[in-house]
Amino acid sequence: MIPLREIAFARSGDKGDSANVAVFARTPADYAWLREQLTGARVEDYFRPLGVGAVVRYEVPNLAALNFVLPHILGGGGSRSLRIDAQGKTLGMALLELPIDAPKK
Amino acid sequence: MSRPLKIANACAFWGDQPDAAARLVAADPSIDFLTLDYLAEVSLSIMAIQRAKDPAAGYARDFVDVVRSLVPFYHSGGKAKIVTNAGGLDPGACAHACGEVLRAAKLPQLKLAVVTGDDVLPALQDQPAAFANLETAASLVPVADRLVTANAYLGAAAIAEALRAGADIVITGRVADPSLTVGPCLAHFGWDSTDYDRIAGATVAGHLIECGTQVCGGFSTDWLEVPTPSDVGFPIAEISADGSCVITKPARTGGAVTMQTVKEQLLYEIGDPGNYLSPDATVSFLTLSVDQVAENRVRVFGATGRAPPSGYKVSATYRDGFKAHGQLTIFGHDAVKKARRAGNALLHRLHAVGCVYRETSIECLGTGASVRGIASRVSEAQLIETVLRVSVAADTNEPVERFARAIAPLVTSGPQGVTGYATGRPKVFPIFGYWPCLIERAQVKPAWRLVA
């Protein structure tokens, strides 16, 4: 297993109480691998400790990216959340720590 | 074939680098437009509080300082025009303050305009049943009497009309962030309001630059490789008549504009990339391409658009209690165990004297608390230091004030090795609930006027 960050980069942002994390493959071959490995269910499972709702995954092949929308993951979001990360700034970095199987050579 | 329109962003949020605008036009005097974005989701509620104390303070006063900082540029013949949402709740007052600066600087030839019509608070107060929450579908009725602000995200049309009428500085309230960029494109290229593909391209350009340095290497995954982080450049979009653009930054600035920085920013705060909703067009990001054409120059082309949604999105806020966060640093063996015990003791004592909170939290920073339960490399027992962060929220002010006074005594009643208490008592903040909803276009009347 390798951390996702070895084959991808990412960015997260907030919308109200929801957040998105976009994950970008570093190579075209790795995009195919990510599409297979990094399912919405897997991301939902990973973020469950933060109380995430049903994760939606969008494929963005022209950017070799997957965009995950994570509902209700911010403990109320913006002004309301008591968390140190009320705006999901850390979620991209967190997802890049996910252990996944290394792509087959 | 006209040359590309150069639109730079000089402010990504209320509190961004105040000298960015002056530095941008000094580095590249051929910039046609500066856009400055001051309004996050709940910024208007902060302006509402400011205005309650001082009726003249319902806008981002920082922008007046930006105008002052550009006086030498305009004196030396500089031409860059400005489009900004710094007007907040009161674009007229913002324009008045800017006008005074320009008059005092003997620059009366610069024309100011305001865009209004975004304030829809009366509509929400009159008919709360019609404005269900876009995220939760909840009814607005139970919170309608606590509404503070309600503003529709206006589009680019009124900005473009003000520019066509000769405005040099256009000050708006709430508009969609990319519309600050689309407005100048409509005015400059003469696009029709149904030129959706071109508008889509300009919307993408606006989206890319609206967060300032974030597209030039700021916030990037590989930030350790970003050059000269002390001076990350603010972005410039060079937009062509077909709506495509090149994203770049001024020469001799730090940061980088690469395929990676542009791709990261393209999907920042995006939901469905096939349906990016703006009041000017519904945009698909799925058709666009990104190409590094030179060092620090990335071309973005091929975005496609179609008609915008039939209603405007509204961002409303309502009063929803109070909160405070307190922090102390705990050093020594079993630091995390001690921090949790101290945090629990603090909350226990407050409960014992009758304080009622609707929510509390104890976080130990350094343990992976930002995403607690997900990613941590080191076991808590191995940490020799942690920052204890305790937070409370309540419906009323009083128990939160009690909390703010109860933190410091942990220095003498808590474990040995507590420090980091010199910053004083935590501040009590009002909580503003965020209420996104939709309003029919017919209920909103965007307007603009030149300000004498």
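Procedures and definitions
- For every chain, the first residue of the written sequence is number 1, and numbering continues from 1 along that sequence.
- Naming scheme: in the order in which they are written, chains are lettered from A and ligands are numbered from 1.
- Given that the model is predicted, a residue must reach a pLDDT of at least 70 before its local features are reported, and side-chain atom pairs must reach 80 or more before they are shown or counted; all residues, however, enter totals for whole chains, interfaces and linings.
- A run of DSSP states H or I qualifies as a helix once it reaches four residues; a run of E qualifies as a strand once it reaches two. Both are numbered from the N-terminal end.
- Here the C-beta atoms are placed from the backbone, and a residue counts as buried if at least 20 other C-beta atoms lie within 10 Å of its own, exposed if 12 or fewer do, and partly exposed otherwise.
- A pair of residues counts as a contact when their C-beta atoms, built from backbone coordinates, are separated by no more than 7 Å.
- When DSSP locates at least two bridges between a pair of strands, those strands are taken to pair.
- Angular values range over 0 to 180 degrees, each being the angle between N-to-C directions of two axes fitted as lines to C-alpha atoms, with helices fitted over their stretch in contact.
- pLDDT is a residue-level measure of predictor confidence that goes from 0 to 100.
- In this classification, Asp, Glu, Lys and Arg are treated as charged, Ala, Val, Leu, Ile, Met, Phe, Trp, Tyr, Cys and Pro as nonpolar, and every other residue, Gly included, as polar.
- Each angle is binned into one of four classes, with values under 35 degrees roughly parallel, values over 145 roughly antiparallel, values of 65 to 115 roughly perpendicular, and all other values oblique.
- Should the near helix be turned anticlockwise from the far one by less than a right angle, the crossing is left-handed, and should it be turned clockwise, the crossing is right-handed.

Attention now moves to the overall build of chain A. On a plain count of helices and strands, chain A comes out with three helices and six strands. Scanning chain A from its N terminus toward the C terminus, one meets helices and strands in the order β-β-β-α-α-β-β-α-β. Viewed in the frame of its principal axes, chain A has a C-alpha envelope of about 45 × 25 × 20 Å. Classification of the 105 residues of chain A by burial places 53% in the buried group. Within chain A, contacts between residues separated by at least 24 positions form 57% of all contacts whose residues are at least 6 apart in sequence.

Attention now goes to the overall build of chain B. Tallying secondary structure elements over chain B gives 13 helices and 19 strands in all. Along the longest, intermediate and shortest principal axes, the C-alpha atoms of chain B span 75 × 55 × 50 Å. Counting the 452 residues in chain B, one finds 51% classified as buried.

So, about the sheet that holds strand β6 (residues 169-172) of chain B. All names here are of chain B. Across the sheet, which stays open at both edges, the 10 strands sit in the order β11-β12-β8-β7-β1-β2-β3-β6-β4-β19 with mixed pairing between neighbours. A strand with exactly one partner marks an edge of an open sheet, and here the two such strands are β11 (289-294) and β19 (447-451). With strand direction ignored, the average angle separating the axes of adjacent strands in the sheet is 20°. Across four bridges, strand β4 (residues 112-116) lies against β6 in parallel orientation. Bridge assignment links V115 to a residue of β6, and that residue is T172. Each of β1 (5-11), β2 (33-36), β3 (81-84) and β7 (236-239) is contacted by helix α8 (residues 179-189), which is oriented at about 155° to β1, the strand it contacts most. Across the sheet, helix α9 (residues 196-209) is in contact with β1, β7, β8 (245-248) and β12 (297-301); its angle to β7 comes to roughly 170°.

What follows deals with helix α2 (residues 43-53) of chain B. For α2(B), the full list of buried residues reads B:S43, B:L44, B:S45, B:I46, B:M47 and B:A48. In this structure, the buried side of α2(B) is in contact with β5 (147-152), β14 (311-331) and β18 (429-440) of chain B.

Averaged over every residue, the pLDDT of chain B is 96; residues scoring 70 or more account for 100%. Our summary of model confidence lists the complex with pTM equal to 0.96 and ipTM equal to 0.98.

The subject of this paragraph is the interface of chain B and chain A. Contact with chain B, which involves 43 residues of that partner, is made by 35 residues of chain A. Of all the secondary structure elements, the ones that give two or more residues to the side of chain B that touches chain A are α10 (259-266), β11, β14, β15 (359-365), β16 (385-394) and β18 of chain B. When residues in the side of chain B that touches chain A are grouped by element, the largest group, five residues, is from β18(B). Looking at side-chain class alone, the side of chain B that touches chain A contains 21 nonpolar, nine polar and 13 charged residues.

With that settled, consider α10(B). Among the eight residues that make up α10(B), seven are buried, leaving the element largely enclosed by the rest of the structure. By the burial criterion, the buried members of α10(B) are B:Q260, B:T261, B:V262, B:K263, B:E264, B:Q265 and B:L266.

This paragraph deals with the packing of helix α7 (residues 157-164) of chain B against α8(B). Residue and element names in this part refer to chain B. Between α7 and α8, the shortest axis-to-axis distance is 8 Å and the interhelical angle comes to 45°. By the angle class used here, α7 and α8 are oblique. The crossing of α7 and α8 is right-handed. Side by side, α7 and α8 meet where I159, A160, L163 and R164 of the first sit next to S179, G183, P184, L186 and A187 of the second. For the contact of α7 with α8, the residue count by class is six nonpolar, two polar and one charged.

As a further point, take the packing of helix α3 (residues 62-69) of chain B against helix α5 (residues 91-104) of chain B. All names here are of chain B. Contact geometry for α3 and α5: axes closest at 9 Å, N-to-C directions at 25°. As far as their axial angle goes, α5 and α3 are roughly parallel. Between α3 and α5 the crossing geometry is right-handed. In contact with F63, V64, V67 and R68 of α3, α5 contributes C94, A97, C98, V101 and L102.

Moving on: the sheet that holds strand β3 (residues 18-25) of chain A. All names here are of chain A. Strand order in the open sheet formed by four strands is β2-β3-β5-β4, with antiparallel pairing between adjacent strands. Each edge of the open sheet is held by one strand with a lone partner, namely β2 (8-15) and β4 (56-60). With strand direction ignored, the average angle separating the axes of adjacent strands in the sheet is 20°. Both β4 and strand β5 (residues 65-70) contribute to a ladder of five bridges, which runs antiparallel. Considered in β5, the bridge of R57 is made with F68. On top of the sheet, helix α1 (residues 28-37) reaches β2, β3, β4 and β5; it is set at about 140° to β3, its chief contact.

Residue and element names in this part refer to chain B. With respect to the secondary-structure elements, T181 resides in helix α8. A tally of 31 C-beta atoms within 10 Å means that T181 is categorised as buried. Residues T181 and I7, spaced 174 residues apart in sequence, show a C-alpha to C-alpha distance of 7.1 Å. Residues within four places of T181 in sequence aside, it is in contact with I7, T35, A202, A205, G206, I209 and A237.

With that settled, the discussion passes to the environment of B:D126. Examined against the element boundaries, B:D126 turns out to sit in helix α6 (residues 121-126). C-alpha of B:D126 to C-alpha of B:A144: the two residues are 18 residues apart in sequence and 9.0 Å apart in space.

This part is about unusual backbone geometry. Unlike most non-glycine residues, A:A64 shows phi in positive territory, near 50°. Phi at B:E269 is positive, roughly 55°, even though this residue is not glycine. Within the secondary structure, B:E269 is located in the loop between α10 and β9 (276-277). Judged by the 20 C-beta atoms lying within 10 Å of it, B:E269 is buried.

Residues and elements named next belong to chain B. Extensive coverage of β16 is indicated by the burial of eight of its 10 residues. Pairing of β14 with β16 involves 10 bridges; the strand directions are antiparallel. What sits directly across from F331, in β16, is E385. Bridge count for β15 against β16 is seven bridges, and the pairing is antiparallel. Opposite S361, over in β16, you have S391 as the bridge partner.

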